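Observations on the three-dimensional arrangement
Below, each chain spelled out in residue letters.
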Amino acid sequence: MATQLTRVFILVDRGQEISLTDPNPQWSPQAVLNFYSANYPILTTAKISAPVIKDDAVQYRLETVIGTKG
């Protein structure tokens, strides 16, 4: 029997990685992003990277595009 991997959403804010737990496995990654944007306004402009399986979890990186200088 296959076990479903838990999802972890990783927010990178000012060089710090913050792991956010999955509020509802039924939600799409975009719905999770919208949910957390109430607590982390920086997420309103974030994009979701392709999922990566690491440490028995599916990791999504929430990458913000604000405040980066090139």
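Shown above is the structure to which this text applies.
The following paragraphs examine the structure supplied in this document.

Cut-offs used in this document
Residues numbered from 1 in each chain as written. Predicted model: local features only at pLDDT ≥ 70, side-chain atom pairs only at ≥ 80, totals over all residues. Heavy atoms only, no water. Helix = DSSP H or I, 4+ residues; strand = E, 2+ residues; numbered from the N terminus. Buried < 20%, exposed > 50% of the residue type's maximum accessible area, 1.4 Å probe, protein only. Contact = heavy atoms within 4.5 Å. Areas by Shrake-Rupley, 256 points an atom, 1.4 Å probe, with all protein chains shown as cover. Lys, Arg positive; Asp, Glu negative; His and termini not counted. Charge placed at Lys NZ, Arg CZ, Asp CG, Glu CD. Pairing = 2+ DSSP bridges.

**Things to note about the overall build of the chain**
- Across its full length, the chain carries 1 helix and 5 strands.
- Starting at the N terminus and walking to the C terminus, you meet the elements of the chain as β-β-α-β-β-β.
- Based on the C-alpha atoms only, the size of the chain along its principal axes is roughly 45 × 25 × 15 Å.
- Looking at the chain as a whole, 29% of its 70 residues are labelled buried.
- Across the chain, the fraction of contacts at a sequence separation of at least 24, relative to all contacts at a separation of at least 6, is 35%.
- As displayed, the chain has an accessible area near 5000 Å², and 53% of this comes from carbon and sulfur atoms.
- A distance of 9 Å separates the average location of the 6 positive side-chain charges in the chain from that of its 6 negative side-chain charges.

**A short note on the pairing of strand E5 (residues 57-63)**
- Here E5 lies mainly inside the structure; 5 of its 7 residues are buried.
- Here strand E1 (residues 6-13) runs beside E5; their pairing, made up of 6 bridges, is parallel. Note on E5: the bridge partner recorded for Leu11 is Leu62.
- Alignment of strand E3 (residues 47-48) against E5, held across 2 bridges, turns out to be antiparallel. Looking at the pairing, Ile48 lines up with Leu62 of E5.
- Strand direction decides the pairing type here: strand E4 (residues 52-54) and E5, joined by 3 bridges, are antiparallel. Residue pairing across strands places Ile53 opposite Val58, the latter belonging to E5.
- Between E4 and E5, which pair antiparallel in sequence order, lie 2 residues; one of them, Asp55, sits at a positive phi of approximately 55 degrees.

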